[in-house]
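# Examination of the molecular architecture
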Amino acid sequence: MTPRTSDTPRAIRSQRVVTPETVQPATLWLTNGRIERVTAYEETPPDGVLEDFGDAVISPGVIDAHVHINEPGRADWEGFETATRAAAAGGLTMLAEMPLNASPVVTTLAAWHQKVAATQGKLRVDCGFYGGLIPGNLNEIEPMLDAGALGIKAFLVHSGLDEFPAAGEIELRAAMPILARRGVPLLVHAEIEDEAGITPPAAPSRNYADYLASRPPQWELRAIRLMIELCREFKCPVHIVHLATAQALPELKAARNEGLPLTVETSPHYLFFEAEAIPDGATQLKCAPPIRDATNREGLWQGLRDGTIDFVASDHSPCPPAMKNLDSGNFAGAWGGIASLQWLLPIVWSGAQQRDFSLQDIARWTSTAPANMLGLQARKGAIAVGHDADFVVWHPETSFTVSTENNYHRHKVTPYDGVELKGVTRATFLRGTKVYEDGEFAAQPTGQIVGK
Ligand SMILES: [Zn+2]
């Protein structure tokens, strides 16, 4: 494959281009990395600089708003090279990276600069960053916003890393007026243990039901109620990450109907797996909050259908295989996190097409809505004139099986290994440059850091 430079005037077309209005045959004219015009399919550039993708679908590039890359400091877990290569192969054109689990965690401006430095020459897709809110770092919040933070992340429960302690109501109340004034979202891991704020030590167990019972829906409900109250009080944009319980949907819906600046994401594993079918010892499926039952899963799909859940983000959170306790199958000590960055689109699509959702629903959940939450809607998240020429060209009707051979993550442990998914990425365009096509990557990484 010959990568083109971003300033080459060119056009691409297919019989199925997903725009905000419809799915139609169209030609997209690209100039200087942006979409210059969207015209009828028949309109062909006179100089012949046209690539015709036939009946493949051209959708806006996938934007994953919740990714853990672990570099610097824990690049043996996952790094920018491997993660963004996997992202490009999966049709992603942008991801937003969490302030943990790298080392140092990004809770200071100094750590922010280390994070940015660690990306040099490695990004195959665009990448933005969140800062973290922990007890004692309030003075670092505005400097991180000034540096371009797309949001500020807080945990209301132990994060899994001692250097990223949970924020309490005191920290939230101090930070939310700042974020409200700046118009930047507070992203919240919404679980609060019990009334006393103490997590009971989990007993060693291979039984998934034990792990599931150790983090009940009430933890999510308690945290979400607190965040709705604070959102109402401070009018600060609040984003609930990886919603796992459908029980919270009525209250979230009511809060949204009230006009509160509240957004919600769920993750592909909550839409794909069901607790009843998770075998004992299957720690590759451990994440927090836990994957709940099939009825709950259908409730989450309903939340997407009625718009209470805005979008889906992978929460890609890999670790070295040994940390998953795959030999012992002990859920209690295993790292909580699921690797799925590369397959956000096919996982969601595989479930969506079984439930009669459309290609436009997919574009909204994997591109438009995350761009909105990130405040990037003027340039990303839609096939529209003036937007970045970020596209995924894919075959929704074609299936593939996830395997170690086609998995570009640093480590190959994932609950999707051996799973057949629908939706094969044909090519990925980043600001007009083809960064991936049919198993091959552009020679040079051309991703940029995107800030607020
Ligand atoms: Zn996460």
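In case you missed it, the structure is sitting above this.
Residues numbered from 1 in each chain as written. Predicted model: local features only at pLDDT ≥ 70, side-chain atom pairs only at ≥ 80, totals over all residues. Heavy atoms only, no water.

## Considerations on the overall build of the protein
- From N to C terminus, the protein includes eleven helices and 18 strands.
- Compactness check: the protein gives a C-alpha radius of gyration of 21 Å against a globular reference of 22 Å for 452 residues, within 12% of the reference.
- Its C-alpha atoms put the protein at 70 × 45 × 40 Å along the principal axes.
- Looking at the protein as a whole, 60% of its 452 residues are labelled buried.
- Of the roughly 16,100 Å² of accessible surface on the protein, a fraction of 50% belongs to carbon and sulfur atoms.
- Looking at the protein, you have 39 positive and 54 negative side-chain charges, and the mean spots of the two groups are 2 Å apart. (Helix = DSSP H or I, 4+ residues; strand = E, 2+ residues; numbered from the N terminus. Rg over C-alpha atoms; globule rule 2.2 N^0.38 Å. Buried < 20%, exposed > 50% of the residue type's maximum accessible area, 1.4 Å probe, protein only. Areas by Shrake-Rupley, 256 points an atom, 1.4 Å probe, with all protein chains shown as cover. Lys, Arg positive; Asp, Glu negative; His and termini not counted. Charge placed at Lys NZ, Arg CZ, Asp CG, Glu CD.)

## Section: the packing of helix H10 (residues 344-354) against helix H11 (residues 359-374)
- One can describe the packing of H10 onto H11 by two numbers: an axis separation of 11 Å at closest approach and a directional angle of 140°. With respect to H11, the axis of H10 lies oblique. Considering only the axes of H10 and H11, their crossing is right-handed. Note on element contacts: H11 touches H10 through Leu359, Ile362, Trp365 and Thr366, opposite Leu345, Val348, Trp349 and Ala352.
- Broken down by class, the residue content of the contact of H10 with H11 amounts to seven nonpolar, one polar and no charged. (Axes fitted to C-alpha atoms, helices over the stretch in contact; angles between N-to-C directions. Parallel < 35°, antiparallel > 145°, perpendicular 65-115°, else oblique. Left-handed = near helix turned anticlockwise from the far one by under 90°. Contact = heavy atoms within 4.5 Å. Nonpolar A, V, L, I, M, F, W, Y, C, P; charged D, E, K, R; others polar.)

## Observations concerning the sheet that holds strand E9 (residues 131-132)
- Pairing in this open sheet of six strands is parallel, and the strands run E9-E10-E11-E12-E13-E14 from one edge to the other. The open sheet has two free edges, formed respectively by E9 and strand E14 (311-312), since each of these has just one partner strand.
- Where strand E12 (residues 238-240) and strand E13 (residues 262-266) come together, three bridges link them in parallel fashion. Paired with valine 238 across the two strands is leucine 262, which belongs to E13.
- Strands strand E10 (152-155), strand E11 (186-189) and E12 of the sheet are contacted by helix H4 (residues 169-182), whose axis makes an angle of about 145° with E11.
- The strands that helix H6 (residues 217-234) touches are E11, E12 and E13; relative to E12, the one it contacts most, it runs at about 165°. (Pairing = 2+ DSSP bridges.)

## Let's talk about the coordination of the zinc ion
- Protein ligation of the zinc ion involves His66 (NE2), His68 (NE2) and Asp315 (OD), the donor distances falling in the range 2.1 Å.
- Counting residues between consecutive donors of the zinc ion along the chain gives the motif H-x1-H-x246-D. Of this pair, histidine 68 sits in the loop between strand E6 (62-67) and helix H1 (80-89) while aspartate 315 sits in the loop between E14 and H10; the two residues are 247 residues apart in sequence, bridging distant segments of the chain. Across the pair, exposure class does not vary: histidine 68 and aspartate 315 are buried alike. (Donors = N, O, S within 2.8 Å, 3.2 Å for Na, K, Ca; no water.)

## Section: helix H9 (residues 294-305)
- An ideal rise of 1.5 Å per residue puts 16 Å on twelve residues; H9 measures up with 17 Å between its terminal C-alpha atoms.
- Buried positions along H9 lie against helix H7 (249-257), E13, helix H8 (268-272), E14, H10 and H11.
- In this structure aspartate 293 caps H9, since a side-chain oxygen of it lies 3.3 Å from the backbone nitrogen of threonine 295. (Expected span 1.5 Å × (residues − 1). Polar contact = N/O pair within 3.5 Å; in protein donor to acceptor, adjacent residues only side chain to side chain.)

## Re H4
- Along its 14 residues, H4 runs 20 Å from first to last C-alpha, staying within 8% of the 20 Å computed at 1.5 Å per residue.
- Helix geometry: H4 is bent most strongly at alanine 175, by close to 30°, with proline proline 177 lying one to four residues after it.
- Along H4, the residues classified as buried are Glu171, Leu172, Ala175, Met176, Ile178 and Leu179.
- Those residues of H4 hidden inside the fold are in contact with helix H3 (138-146), E10, E11, H6 and E12.
- Phi turns positive, to about 70°, at glycine 183, one or two residues after H4. (Bend = angle between axes of the 7 residues up to and from the residue.)

## Digging into the packing of H3 against H4
- Here H3 crosses H4 at 20°, and the two axes come no closer than 10 Å. Regarding the angle of H3 to H4, the classification is roughly parallel. Crossing angle aside, the handedness with which H3 passes H4 is right-handed. Between H3 and H4, the contacting residues are Leu138, Ile141, Glu142, Leu145 and Asp146 on the first element and Ala174, Ala175, Ile178, Leu179, Arg181 and Arg182 on the second.
- Here the contact of H3 with H4 is composed, by residue class, of seven nonpolar, no polar and four charged.

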